[in-house]
Amino acid sequence: MKIVVIGLGNFGMALAIHLADSVNEVIAADRDIEKIELIKDKVSHAVALDATNENAYHSLPLKSTDLAIVAIGEKDGAAMMSTAIIKKITNARVVARSSSPIQDTILEAMGVDNIIHPEQEFAERLTKKINLKGSIDNFEIDDDYLVSEVTVCDDVVGKDLIESNFRSKYNLNIITILRQKEYTNIIGRKSSKKEVIGMPQPETVFQKNDVLVVFGKNSDIEKYLEKDAKRSNH
């Protein structure tokens with residue numbers, strides 16, 4: 001996918017690099033030459049431009065871009081101007097960062113496809129992680145449903161998916177399992193890393209230290225974690 005990222009603050013910089021690392025063609029843009037120098041070898045192309053100058057956008061391949069992301073975080077109007085210019089130039093899907101409810105309203109009126117609030121979303125995710133004690137990581141679907149990484153409970157270790165009756169017992173669906181795999185690197189040193197085992201099959205047997213990626217209601221994930229914590233304390 002060809003993606004243009006405009007604005008290389010902490011969020012935009014990290015986003016551009018991660019997108020490039022996941023085999024996307026990323027064109028990064030910012031008015032700060034130092035930031036362009038930092039990222040130029042990590043993305044397909046890096047361009048220095050003033051996001052408020054419409055003529056500057058001719059240096060970007062916006063007409064052939066699949067996705068344009070406005071990651072500018074300042075509240076001086078640059079993000080709004082950049083988004084308006086991009087919407088004028090291209091029919092690509094546009095994702096824009098917002099810093100306030102007023103900006104949300106303006107971006108919605110512009111017809112932006114997706115409005116993001118990085119700081120707020122990170123804070124909410126961290127809050128959910130802190131409140132769900134025992135959870136490793138979470139991805140919120142909406143106010144009620146969550147995808148969460150949880151450690152396997154001792155009750156099901158050694159049992160297969162059918163024998164454990166996991167879905168009926170905990171009212172959670174297992175999406176996949178992360179499992180520690182040991183390997184020897186090129187210098188002969190033993191190490192380990194988590195690997196995704198794929199879609200669990202009926203005959204998949206739970207192993208100690210497995211991490212389960214589950215989908216379900218917040219309340220059901222909380223119940224699972226509370227039960228597991230109680231079992232661990234006995």
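Our subject is the structure listed above.
All values derive from a computational prediction rather than experimental measurement.

A. Representation of the overall build of the protein chain. The number of helices and strands found in the protein chain is 8 helices and 11 strands. For the protein chain, the share of sequence-separated contacts (at least 6 apart) that also reach a separation of at least 24 residues comes to 54%. Per element, the accessible surface of the protein chain, about 13800 Å² overall, is 51% carbon and sulfur.

B. Examining unusual backbone geometry more closely. The phi angle at Val23 is positive, at roughly 65°, despite the residue not being glycine. In this model, Asn171 sits at a positive phi of 60°, which is unusual for a non-glycine residue. Relative to the helices and strands, Asn171 is located in the loop between α7 (166-170) and β9 (173-184).

C. Representation of the sheet that holds strand β3 (residues 45-48) in the model. A sheet is described by the order of its strands in space; here 6 strands give the open sequence β3-β2-β1-β4-β5-β6, paired in parallel fashion. Every interior strand has two partners, whereas the edge strands, β3 and β6 (114-116), have only one. Across the sheet, the mean angle from the axis of one strand to that of its neighbour is 15°, orientation sign disregarded. Pairing of strand β4 (residues 67-70) with strand β5 (residues 93-97), which is carried by 4 bridges, proceeds in the parallel orientation. Residue Ala68 lies in a different strand from β5, and its bridge partner there is Val94. Its contacts with the sheet put helix α3 (residues 78-89) on β1 (2-6), β4 and β5, and the angle it makes with β4 is roughly 165°.

D. Focus on the pairing of strand β2 (residues 25-30). Across the 6 residues that make up β2, a large majority, 5, are buried. Pairing of β1 with β2, which is carried by 5 bridges, proceeds in the parallel orientation. Residue pairing across strands places Ile3 opposite Val26, the latter belonging to β2. Bridge count for β2 against β3 is 4 bridges, and the pairing is parallel. Considered in β3, the bridge of Asp30 is made with Ala48.

What counts as what
Residues numbered from 1 in each chain as written. Predicted model: local features only at pLDDT ≥ 70, side-chain atom pairs only at ≥ 80, totals over all residues. Heavy atoms only, no water. Helix = DSSP H or I, 4+ residues; strand = E, 2+ residues; numbered from the N terminus. Contact = heavy atoms within 4.5 Å. Areas by Shrake-Rupley, 256 points an atom, 1.4 Å probe, with all protein chains shown as cover. Pairing = 2+ DSSP bridges. Axes fitted to C-alpha atoms, helices over the stretch in contact; angles between N-to-C directions. Buried < 20%, exposed > 50% of the residue type's maximum accessible area, 1.4 Å probe, protein only.

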